[in-house]
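Notes for the structure review
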Amino acid sequence: MNAPHAEEFLTLTEIVAAARRKVAPGPWSYLVGGAETETTVRRNRMALDSLAFRPRVLRDVSKIDSTSTFLGTKVRLPVMLAPIGGLESIVEGGAASAARGSAQFGVPQMLSSVCQPGLEQTAAAADNLRVFQLYVRGDDAWTDDFVRRAKDNGFRAFCFTVDVAAYSRRERDIVGRFIKPWRARAIEGAAFQAGLSWDQVKRYKDKHDLPLILKGIATVEDAEIAVQHGVDVVYVSNHGGRQLDHGLGSTAVLPEIIKAVKGKAEVWVDGGYLRGSDVVKALALGAKTVGIGRLACLGLGAAGVPGLVRTLELLEDEIRICLGLLGVTSYAELTPQHLAPAPPANLPDTFSAFPLLPTQP
Ligand SMILES: Cc1cc2nc3c(=O)[nH]c(=O)nc-3n(C[C@H](O)[C@H](O)[C@H](O)COP(=O)(O)O)c2cc1C
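Here goes a summary of the coordinates provided.

For the rest of this paragraph, the subject is the site of the ligand. Taken together, 22 residues lie near the ligand, and P83, S112, T161, D270 and G272 sit nearest. Between the ligand and S237, the relevant distance is 3.4 Å, taken from an oxygen atom to a side-chain nitrogen or oxygen of the residue. Between the ligand and R294, the relevant distance is 2.8 Å, taken from an oxygen atom to a main-chain nitrogen or oxygen of the residue. For the ligand, whose free accessible area comes to 600 Å², the fraction covered by protein is 98%. Residues that form the shell around the ligand fall into these classes: eight nonpolar, 10 polar and four charged.

Listed below in structure tokens is the structure:
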């Protein structure tokens, strides 16, 4: 479906505009919206837009390497498809389509436990690099069963999302009366997620050898506790501004968390990353991998699997140009010295990264 002409998109802006036309109003609000006033959504952009580049010149950038590694395996970009629940409402095939796009382009996918067609069928859809994200809806034995299934199906790591002790009020969905079919299933057992504590993290590390990611770390204090527990990846995230409203932007808290982690775990980040320059900023601050949530959904919504692949190609092009213009040939050469604080040039908003959009959707 939607397949034939994804290569005709010449800019990410055109992909956003096409997704706006194709995705139905209910799923569109679900996709773009955040919690309550959507202040955290805007702060994610604000934090990125508050960093300017300090380019270096005359450094022979004729050969640029924009590849990276993900849990030790080579990937085409330091970018991962963030976990998305209910993707089937945005693109036919749901997570299986994301898996195919991830394999075709060569970036990893984190599969959400609340996405169709589920763990086994998504794993069977493509030979991609994948990790699994769980919303805890049962007891320890229930979780252990997911760990086993993830391992059996070639997932390289396991992730608890920890910023969902309560499900937030997403006002666009509430006002639009958008009933999410997967929410009914998710509500069942929600008390298990609310009851999570560091005890479960300790228990996981004592029992399982699959690397552990904690997604939704937003403070130095929690990053330090995560490291003390031997967590493998500290994933800095505020759920794309969809959970706690009035949080700080992810990119604003990233430097202090990287400092606190002291290289004892990998640090990944997401939240508002929509352009190649955004990704480069995170890498300059010291993040290893950047998750893309809405951007990946927009590619899929615009033109299915080819739309996602095209989105990633355009992102890659932007990243390579940005690296060259900064005077570096690889991420290893990037440092915080390539960045400087600066006032945002325009008012940050969900789509302010795309000023050529005819109307802000
Ligand atoms: C439609 C949608 C569904 C999401 N579902 C999940 C999910 O099931 N599990 C999870 O950990 N995060 C989920 N997230 C959060 C993303 O994984 C990610 O943290 C966020 O989208 C990053 O911000 P960005 O959209 O600005 O890139 C979802 C985000 C969106 C937009």
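Attention shifts here to a negative patch on the surface. Negative charge collects at one region of the surface, where E221, D222, E224 and E256 lie side by side. With respect to the secondary-structure elements, E224 resides in helix 11 (residues 220–228). Judged by relative accessible area, E224 falls into the partly exposed class, the value being 36%.

Tallying each qualifying case throughout the model produces 12 aromatic pairs. Geometrically, the ring pair formed by F160 and Y204 is edge-to-face, given 5.8 Å between the ring centres and 85° between the ring planes. Residue F160 is found in strand 7 (residues 158–161), and its partner Y204 is found in helix 10 (residues 198–207); the two are separated by 44 residues along the sequence. For F160, a relative accessible area of 6% puts it in the buried group. Residue Y204 is classed as buried on the basis of its relative accessible area of 2%. By the ring-pair criterion, three or more aromatic residues cluster together here, those being F132, W142, F146, F155, F158, F160 and Y204. Its end group placed over the ring of F105, R76 keeps NZ or CZ at 3.8 Å from the ring centre. Cation over ring: R149 sits above F146, and NZ or CZ is 4.8 Å from the ring centre.

So, how was this worked out
Residues numbered from 1 in each chain as written. Predicted model: local features only at pLDDT ≥ 70, side-chain atom pairs only at ≥ 80, totals over all residues. Heavy atoms only, no water. Near = heavy atom within 4 Å. Polar contact = N/O pair within 3.5 Å; in protein donor to acceptor, adjacent residues only side chain to side chain. Areas by Shrake-Rupley, 256 points an atom, 1.4 Å probe, with all protein chains shown as cover. Nonpolar A, V, L, I, M, F, W, Y, C, P; charged D, E, K, R; others polar. Patch = residues over 30% accessible without salt bridge, like charges linked within 9 Å, V, L, I, M, F, W, Y side chains within 5 Å. Salt bridge = Lys/Arg side-chain N within 4 Å of Asp/Glu carboxyl O. Lys, Arg positive; Asp, Glu negative; His and termini not counted. Charge placed at Lys NZ, Arg CZ, Asp CG, Glu CD. Helix = DSSP H or I, 4+ residues; strand = E, 2+ residues; numbered from the N terminus. Buried < 20%, exposed > 50% of the residue type's maximum accessible area, 1.4 Å probe, protein only. Phe/Tyr/Trp six-rings, centres within 6.5 Å; stacked < 30°, edge-to-face > 60°. Lys NZ or Arg CZ within 6 Å of the ring centre and 35° of its normal.

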